[in-house]
Amino acid sequence: MLDITFITNDNKTISAPEDSNLLRVSLREKGGIPFKCGGGLCGTCKCLIEEGIENTDAVKKKEEKLLSAEEISQGYRMACQTFLTGSVKVSWDVSKPARPITAGQIKPKTEA
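This one's a predicted model, so the numbers in the text were calculated from it and none came from an experiment.

Undergrad: When you look at the overall build of the protein in this model, what are you seeing that I'm missing?
TA: Helix and strand content of the protein: three helices and seven strands. Helices (α) and strands (β) of the protein occur, in sequence order from the N terminus, as β-β-β-α-β-α-α-β-β-β. Across the 112 residues in the protein, those meeting the buried criterion constitute 37%. Long-range pairs, those at least 24 residues apart, make up 63% of the contacts in the protein between residues at least 6 apart in sequence. Working note: accessible area of the protein is about 6,900 Å², and carbon and sulfur atoms make up 52% of it.

And the structure:
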């Protein structure tokens, strides 16, 4: 088991199994990380891993599209794309609106 501390949510700390998805745990345990799509398209769940960045999996392509290289180097991740291998402390900015989805990020479904 690992510990996740939701700093922005009054330092609420919960335990979760290894390889847990950060957003799913936040939703299940009322951690408070904001979300809209849950699939790596909107960037709403952007959060800062303040401690334990080494306990996260590799940055995904979807994250590279929505986060700048500087943000990634500072420890920002998208909770919906982040799986945990150890304990982390995470925060998020509640004052900034979510980054809007642009037309280039959504691929239309093709009919068969």
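Moving on, there is more to tell.
Undergrad: Explain unusual backbone geometry here, please?
TA: Glycine aside, a negative phi is what most residues show, and trans is what most peptide bonds show. The phi torsion at Asp-10 lies on the positive side, around 55 degrees, for a residue other than glycine. Mapped onto the fold, Asp-10 is located in the loop between strand S1 (2–6) and strand S2 (12–16). Of note, Asp-19 is a non-glycine position whose phi angle comes to about 70 degrees, a positive value. According to the relative accessible area criterion, Asp-19 is exposed, its value standing at 53%.

Undergrad: When you look at the nonpolar core in this model, what are you seeing that I'm missing?
TA: Nonpolar side chains tend to gather and get buried jointly when the protein is soluble and globular. With 21 residues, the main nonpolar core has Ile-4, Phe-6, Leu-22, Ile-33, Cys-45, Ala-79 and Val-90 as its most contacted residues. If you list the elements that add at least two residues to this core, you get S1, S2, helix H1 (22–29), strand S4 (46–51) and strand S7 (88–91). Not counting chain neighbours up to four residues away, the residues in contact with Phe-6 comprise Asn-11, Lys-12, Ile-14, Leu-22, Ser-26, Gly-31, Ile-33, Val-90 and Trp-92.

Undergrad: Sorry, what's going on with the pattern of salt bridges here?
TA: Any two side chains of opposite charge can pair, given that their charged atoms come close. Scanning the model with the defined rule gives five salt bridges in all. With a shortest N-O distance of 2.5 Å, Lys-46 and Glu-71 are connected by a salt bridge. One end of the pair, Lys-46, is in strand S4; the other, Glu-71, is in helix H3 (residues 69–74), and 25 residues separate them in sequence. Residue Lys-46 is classed as partly exposed on the basis of its relative accessible area of 28%. For Glu-71, a relative accessible area of 14% corresponds to the buried category.

Undergrad: Whenever I open this one, the packing of aromatic side chains confuses me. Can you help?
TA: Each aromatic ring pair is summarised here by two numbers: the centre-to-centre distance and the angle between the ring planes. Tallied over the entire structure, the rule returns one aromatic pair. Stacked on the ring of Tyr-76, the Lys or Arg Lys-46 has its end atom at 4.9 Å from the ring centre.

The rules behind each value
Residues numbered from 1 in each chain as written. Predicted model: local features only at pLDDT ≥ 70, side-chain atom pairs only at ≥ 80, totals over all residues. Heavy atoms only, no water. Helix = DSSP H or I, 4+ residues; strand = E, 2+ residues; numbered from the N terminus. Buried < 20%, exposed > 50% of the residue type's maximum accessible area, 1.4 Å probe, protein only. Contact = heavy atoms within 4.5 Å. Areas by Shrake-Rupley, 256 points an atom, 1.4 Å probe, with all protein chains shown as cover. Core = buried A, V, L, I, M, F, W, Y, C linked by side-chain atoms within 4.5 Å. Salt bridge = Lys/Arg side-chain N within 4 Å of Asp/Glu carboxyl O. Phe/Tyr/Trp six-rings, centres within 6.5 Å; stacked < 30°, edge-to-face > 60°. Lys NZ or Arg CZ within 6 Å of the ring centre and 35° of its normal.

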